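Take a look at the letters that make up each chain.
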Amino acid sequence: MRIELQAELDALEAGFQEEGEIVLRSIRGAIDALRTQDVELCDEVIAFDDEVDERYLALEKQVELVLARQTPVASDLRLVLAILHNALHLERIGDQCVTIAKLTKLSSHLGTHAAVVEGLVDMGERCSEMVKVSLTAFADRDVAGARGLHQLDELVDNANRQVFREVLGYVHDPEALEWGMRQITAARCFERIGDNAVDIGEQTAFIVTGEFAEFTDASHDPRPLE
Amino acid sequence: MDTPRIDSARIAETATGLDRADIERREKVFAISGLAVSYNGVTALADVELDVYRNTVTAFIGPSGCGKSTFIRCFNRMNDLIPGAKVSGTVLYHGADLYARQVDPVEVRRRIGMVFQKPNPFPKSIYDNIAFGPRVLGMKGSMDERVENALSQAALWDEVKGRLKDSALGLSGGQQQRLCIARALAVEPDVILMDEPASALDPISTTRIEDLMHELKRRYTIVIVTHNMQQAARVADMTAFFSVIVDDEGAARRGILVEYDATAKIFTAPSDKRTEDYVTGRFG
């Protein structure tokens, strides 16, 4: 039994889950800022991203050390690679939260439209749930749970389309349209967060099965782009 | 101007290791089935089925006592030299039974050379160490050329060309081991067996031996036993993991072949839990 390697793997895994907790706080902040149109909270979410980045860089450094010192193989190697992969996905989710906060701030002087805000908040809640599921499935090595993320992602994609359709209705109102365009970008950020959560789930399957396979192939999605 | 030729297959091989299907399309140098070895009636290794393919490096790994050294000695009938050793089952070499009565073990060992854990040069000059085998076998052609060829292939020529008449015992451990490889190559073998060839060497000499294996497999088929799993991961195309089973009373132990697959598979996603436990260091 390689005690030191196991201790380092445990530390990596704990570090990854901590990064996940921090990113969930980012998502929560971005959703609340959107719902309340609170500019100060937007600034907090933007500043908080430094903490996410710090966690990511610390994990990346830890992965480098484990690879250099312990040369893990087989399931240990898959775990280390998956953590490196997923830590970057979490960091990207943090970036999406920053963009959502910036967009909320930028459009705060314009009138909001409740239907779109509700749609975005709904997307955000679903994304937050997806990230939680992806982290739990990873910790439990629960492939079925991870696969379930694909269904949750479809709901996020549907909500994204709804926001898009809603904004199309603002075409004759320049101020509403400007606001709406920014919200479409925010919706796109949430949609990416959902994708990142699915990607994290795919890594769970990789750890358990030893084979990497995408749960869905977005490049061959038959549905039209909106 | 000519466009540089890009060997994409070679690049893919370098990047990811050979694919098992690609390896299995190659000629079988050895086809082993139902192999068992016993010493004085006590089974040391049983039920081994395994094929070795041309121009590949095949590594045997496993804990002490798993029979991997016993197994490699079956490839050139070295077990014949151990009193009380009995080999049963089939070892086909290019389709011919290696253990058939009419087969000459000396000819077997010319075609299937062996390098051991501890370098064992003869107490003679560097030149004579290489020339010894070809002379005994009465091989024709220029001996100087043969010696230079063998030493060049073993990446030793540049280091010793000015002192071929010096004693081989004056060489460093790493150089002595490359000399032993050159000695095996001088009799124009088809296969080179290596039993822990780098375990007595420092890391730099080990790297040279490993680089040499990558070079030599273009011309020869190489089979290696190693305790160093990372070495198997670095040099081998195929890896076989052997383990030990102990009987209920804990008295008898014997080696078994647990898993044999492309090295990349063994070290990233082995199929058998026992292999996984061994390569990750959780057992053995």
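Being a predicted model, the structure only gives us computed values, none of them experimental.

Draft legend 1. Molecular detail of the overall build of chain A. Looking only at helices and strands, chain A features seven helices and zero strands. Scaling as 2.2 N^0.38, a compact globule of 226 residues should have a C-alpha radius of gyration of about 17 Å, and chain A matches this with 19 Å. Projecting the C-alpha coordinates of chain A onto the three principal axes gives extents of approximately 70 × 40 × 20 Å. Within chain A, buried positions represent 42% of all 226 residues. In chain A, the proportion of contacts linking residues at least 24 apart, taken out of those at least 6 apart, comes to 81%.

Draft legend 2. Broad picture of the interface of chain B and chain A. Facing eleven residues of chain B, the contacting portion of chain A comprises ten residues. Elements with a contribution of two residues or more to the side of chain B that touches chain A: helix H10 (229–235), helix H11 (263–268) and helix H12 (273–279) of chain B. When the residues that make up the side of chain B that touches chain A are grouped by side-chain class, the tally is five nonpolar, four polar and two charged.

Draft legend 3. Main features of the packing of helix H4 (residues 114–140) of chain A against helix H6 (residues 149–168) of chain A. Residues and elements named next belong to chain A. Running from amino to carboxyl end, H4 crosses H6 at an angle of 165°, the nearest separation of the two axes being 10 Å. Compared by their axis directions, H4 and H6 come out roughly antiparallel. With respect to the hand of their crossing, H4 and H6 are arranged in left-handed fashion. Contact residues: H4 offers Ala115, Val116, Gly119, Leu120, Asp122, Met123, Arg126, Cys127, Glu129, Met130, Val133 and Ser134, while H6 offers Leu149, Leu152, Asp153, Leu155, Val156, Ala159, Asn160, Gln162, Val163, Glu166 and Val167. Taken together, the residues of the contact of H4 with H6 break down into 14 nonpolar, four polar and five charged.

Draft legend 4. Quick look at the pairing of strand S6 (residues 112–115) of chain B. All names here are of chain B. Of the two faces of S6, the one holding Ile112 and Met114 and the one holding Gly113 and Val115 are both buried throughout. With four bridges joining them, S6 and strand S7 (residues 191–195) adopt parallel strand pairing. Considered in S7, the bridge of Val115 is made with Met194.

Draft legend 5. Fine view of the confidence of the model for chain A. Here chain A averages 93 in pLDDT, while 95% of its residues score no lower than 70. Looking over chain A, one finds the lowest element-wise mean pLDDT in H6(A), namely 94, and the highest in helix H3 (residues 74–106) of chain A, namely 97.

Draft legend 6. The arrangement of the packing of H4(A) against helix H7 (residues 174–209) of chain A in detail. Residues and elements named next belong to chain A. Direction vectors running N to C along H4 and H7 enclose 15°, while the axes themselves pass 9 Å from each other. Taken together, the axis directions place H4 and H7 in an arrangement best described as roughly parallel. Handedness of the H4/H7 crossing: left-handed. Two secondary-structure elements touch here, H4 through Val116, Leu120, Met123, Gly124, Cys127, Met130, Val131, Ser134, Ala137 and Phe138 and H7 through Gly180, Gln183, Ala186, Ala187, Phe190, Ile193, Gly194, Ala197, Ile200, Gly201 and Thr204. Classifying every residue of the contact of H4 with H7 gives 14 nonpolar, seven polar and no charged.

What counts and what doesn't
- Residues numbered from 1 in each chain as written.
- Chains lettered and ligands numbered in written order.
- Predicted model: local features only at pLDDT ≥ 70, side-chain atom pairs only at ≥ 80, totals over all residues.
- Helix = DSSP H or I, 4+ residues; strand = E, 2+ residues; numbered from the N terminus.
- Rg over C-alpha atoms; globule rule 2.2 N^0.38 Å.
- Buried ≥ 20, exposed ≤ 12 C-beta atoms within 10 Å, placed from the backbone.
- Contact = placed C-beta atoms within 7 Å.
- Nonpolar A, V, L, I, M, F, W, Y, C, P; charged D, E, K, R; others polar.
- Axes fitted to C-alpha atoms, helices over the stretch in contact; angles between N-to-C directions.
- Parallel < 35°, antiparallel > 145°, perpendicular 65-115°, else oblique.
- Left-handed = near helix turned anticlockwise from the far one by under 90°.
- Pairing = 2+ DSSP bridges.
- pLDDT = per-residue confidence, 0-100.

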